[in-house]
Amino acid sequence: MLKPYCQSASLDLPSAESAAPSLPEILSALSFALDLTEGAVPGHALRSCLLGMRLGKELGFSPIAMADLYHALLLKDVGCSSNAARMCQILGGGDDRAVKSAIKLEDWTRPDKPKLSTLRLLWNNVSPDENPIRRLHRILQLGFTQHGNNEEMIQLRCDRGASIVRKIGMSEQTALAVRSLDEHWDGSGYPQRLRAEAISPLARVMAVAQHLDVFSVEQGAVEAMQVLRQRSGRWFDPEVVKAAESLHKRAALWQQRLPNGVQASTDPAKAVRAAVIALSPLENNRLSASHLDLICEAFAEVVDAKSHFTFRHSMGVTEVARNIGKAMGLKPERMQLLNRAALLHDLGKLRVPNSILDKPGKLDDAQWSVMQQHPGLTRAILIRVREFKEVAEVAGAHHEKLDGTGYPNRLTAARLPLEARILGAADIYGALTEDRPYRSGFSPAEALKIMERDVPGKLDADCFEALSSIAETGRETAPSLAPVSVAPPGRRTTILAPAPPALLPTF
């Protein structure tokens, strides 16, 4: 059995509320957003959770350790968006999601022994707009700087992930496990190059669980087990590998884990999620309103961290939307709905590669098509939480217009509730006043002048009037109504001449 770690106290959850989702329900739903960031097959975090919990039980983990492991498995990728922009920069504008997804199948600790598949991956994603000679030169550069790049990327991911885990009230052992996910048994991992038993026992289990899921989905269970054996003692703790072997031989490892492992009449995604929720190690796990809001804020930060140009976007839009809502006299329960929808409205953007988000020019048709899918993805993620039905509808409609010219569903005024109209106005205002890779942010007065052209045809007149009155008074309670430069200090950004206002995208 793995040596016991310093066990934490049980998670002290707030008092239950009748209409609140449970912690497993909200985390299992939001884990789909994290899968988008990594380019993983949807449900990756959930399937890894099932595998990891079976491994933990096989290894004899205590109930407290199992609770920490459960939350760490669902949140293991929560820091992934923080290195997306840097990944895109290192690749010379390549698709960060495609590389993150494919690299999980490669042994990146051996750059001196590159496989053909690794070289093909690099050729297809490094400096895609450059000529072959420049592309080859950058690939060679990446080979020389690989360890430094890996250390930087994983440090960003792990530190950010652990910080978010702590913010939403998880145990220190859960945070440590998330931070140590990419450490290797032989000391070749990151961010601290920890070796053997110096690595969190939870992280050792998580590393095996995510490996098993990624390889089994892409190449089958047999190949997953074979590669696991090959990396035992290098990447993975031999004792955890032995536990996986034992479960595999007893046909106790893969049930209800692979899409083809469930009954044809059952929705695989729902079946896996139900199995994960049923594994919840806590009895009193209903969330209070304040704790749920804290989780929403944390995931808003996950979204905003994906690009330097949206570094405060979700939080800023939420502040503007709340001020509009107050000015229009929304009742407290509607304000709460608006607040959560605003915080989570861009979850679907985690699927958009940074080569699109940070492009300094106009998007082509294919790129614009990808961008237009993000509100629908936001809705699809949030609708998984039973208590978030209205939140999902409002958040998923933030790019719709009253005249039916918006996206993704071309909804008209009759199908747009007031909260969706408020959020739509706040989002446009936020996008116009923030810096973007193709232009500097507009002043509040300029942004309102641009928006006024769409009132009342596309934008709600009452919402716009409330926004205008707030911006004109310059009240101290609305700090986000001032233009914000979101590029971090020291970052040099090339700003192109502004496009004509009528053509400005507000994604």
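Let me sum up the structure you'll find in this document. Everything numeric here is computed off the predicted structure, so don't read it as measured data. (Residues numbered from 1 in each chain as written. Predicted model: local features only at pLDDT ≥ 70, side-chain atom pairs only at ≥ 80, totals over all residues. Heavy atoms only, no water.)

Take the packing of aromatic side chains next. Under the counting rule described, the total for this entry stands at 2 aromatic pairs. Ring geometry for Trp368 against Tyr407: centres 5.7 Å apart, planes inclined by 75°, an arrangement best described as edge-to-face. Of the two residues, Trp368 is situated in helix α18 (residues 365-372) and Tyr407 in the loop between α20 (389-395) and α21 (418-433); the sequence distance between them amounts to 39 residues. In this structure Trp368 comes out as partly exposed when scored by relative accessible area, which is 30%. Above the ring of Trp235, the side-chain terminus of Arg231 is found at 4.2 Å from the ring centroid. One Lys or Arg, Arg384, reaches over the ring of Phe32 and ends 3.6 Å from the middle of that ring. (Phe/Tyr/Trp six-rings, centres within 6.5 Å; stacked < 30°, edge-to-face > 60°. Helix = DSSP H or I, 4+ residues; strand = E, 2+ residues; numbered from the N terminus. Buried < 20%, exposed > 50% of the residue type's maximum accessible area, 1.4 Å probe, protein only. Lys NZ or Arg CZ within 6 Å of the ring centre and 35° of its normal.)

Our focus in this paragraph is the packing of helix α10 (residues 201-219) against helix α11 (residues 221-231). The geometry of α10 relative to α11 is characterised by a closest axis approach of 7 Å and an angle of 140° between their N-to-C directions. Judged by the inter-axis angle, α10 sits oblique to α11. For the pair α10 and α11, the sense of crossing is right-handed. Packed against α10, whose contacting residues are Val208, His211, Leu212, Phe215, Ser216 and Gln219, the element α11 presents Ala221, Glu223, Ala224, Met225, Val227, Leu228 and Arg231 at the interface. By residue class, the composition of the contact of α10 with α11 is 8 nonpolar, 3 polar and 2 charged. (Axes fitted to C-alpha atoms, helices over the stretch in contact; angles between N-to-C directions. Parallel < 35°, antiparallel > 145°, perpendicular 65-115°, else oblique. Left-handed = near helix turned anticlockwise from the far one by under 90°. Contact = heavy atoms within 4.5 Å. Nonpolar A, V, L, I, M, F, W, Y, C, P; charged D, E, K, R; others polar.)

This paragraph deals with the side chain of Ser82. In this structure, Ser82 sits in the loop between α3 (63-74) and α4 (84-90). Here Ser82 falls in the buried class, since its relative accessible area comes to 19%. In terms of polar contacts, Ser82 uses its side chain to reach the backbone carbonyl oxygen of Gly79, at 2.6 Å. Apart from residues lying up to four places away in sequence, Ser82 is in contact with Leu156, Arg157, Arg160 and Ala305. (Polar contact = N/O pair within 3.5 Å; in protein donor to acceptor, adjacent residues only side chain to side chain.)

We now examine helix α9 (residues 172-179). The buried fraction of α9 is high, at 6 of 8 residues. Buried residues of α9: Gln173, Thr174, Ala175, Ala177, Val178 and Arg179, and no others. Next to the buried residues of α9 lie α3, α8 (146-167) and α10.

Right, let's get into the pattern of salt bridges. Tallied over the full model, the rule gives 25 salt bridges. Of the charged contacts, one joins Glu58 and Arg250 as a salt bridge, the two residues approaching to 3.0 Å between their closest N and O atoms. Here Arg250 lies in the loop between α12 (238-249) and α13 (268-278) and Glu58 lies in helix α2 (residues 44-58), a separation of 192 residues in the sequence. Looking at Glu58, the relative accessible area reads 30%, which means it is partly exposed. Its salt-bridge partner being Lys76, residue Asp77 comes within 2.9 Å of it at the nearest N-O pair. Grouping residues by exposure puts Asp77 and Lys76 together as buried. By sharing partners, the salt bridges in this structure join Glu25, Arg286, Arg386 and Glu387 into a single network. (Salt bridge = Lys/Arg side-chain N within 4 Å of Asp/Glu carboxyl O.)

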